[in-house]
Amino acid sequence: MGQLRDTESTTVNGESVQAVVTENATLKRRIRQVTQEHRALQERLEGCRANLRHAETRIGDLEAELAERAQEGHT
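Residue numbers restart at each chain and count upward from 1, following the sequence in its written direction. pLDDT decides what is reported in this predicted model: residues at 70 or higher carry local features, side-chain atom pairs at 80 or more are listed and counted, and totals for whole chains, interfaces and linings draw on all residues regardless. Excluding hydrogens and water, the side-chain values take into account all heavy atoms of the structure.

Caption draft 1: Here's a closer look at the overall build of the chain. Helices and strands together make up the secondary structure of the chain, namely two helices and zero strands. We call a residue buried when its accessible area falls under 20% of the maximum for its residue type, exposed when it is over 50%, and partly exposed in between, using a 1.4 Å probe and counting protein chains only. Residues classed as buried in the chain amount to 1% of the 75 residues present. Computed with a 1.4 Å probe, the accessible areas rest on the Shrake-Rupley method; for each residue, only the protein chains presented here act as cover. Carbon and sulfur atoms make up 54% of the accessible area of the chain, which totals about 7100 Å². Only runs of H or I of at least four residues qualify as helices and only runs of E of at least two qualify as strands under DSSP, and these elements are numbered from the N terminus.

Pasting the structure below:
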């Protein structure tokens, strides 16, 4: 993938040109697939980050509640 080819051999030999055209189509398909996978992973990451923010907020609330109870118990 991504290697330069000898242009003389690809233009002289019809089979080589067809191979390049076929490989190009395959690579375009793969790019679309990788782009879709990337988009899906980004969406999952955003969801995970949102869940983490929610969990951190909840943990902070519980820690504050525990601190308040500890203060009430010592007073």
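Caption draft 2: Representation of the pattern of salt bridges in the model. Take a side-chain nitrogen of Lys or Arg and a carboxyl oxygen of Asp or Glu: if they are within 4 Å of each other, that pair is a salt bridge. Under the definition given, this model contains one salt bridge. With its nearest N and O atoms 2.8 Å apart, the salt bridge here joins Arg69 to Glu65. Separated by four residues within a single helix, Arg69 and Glu65 lie in helix 2 (residues 14–74), roughly one turn from each other.

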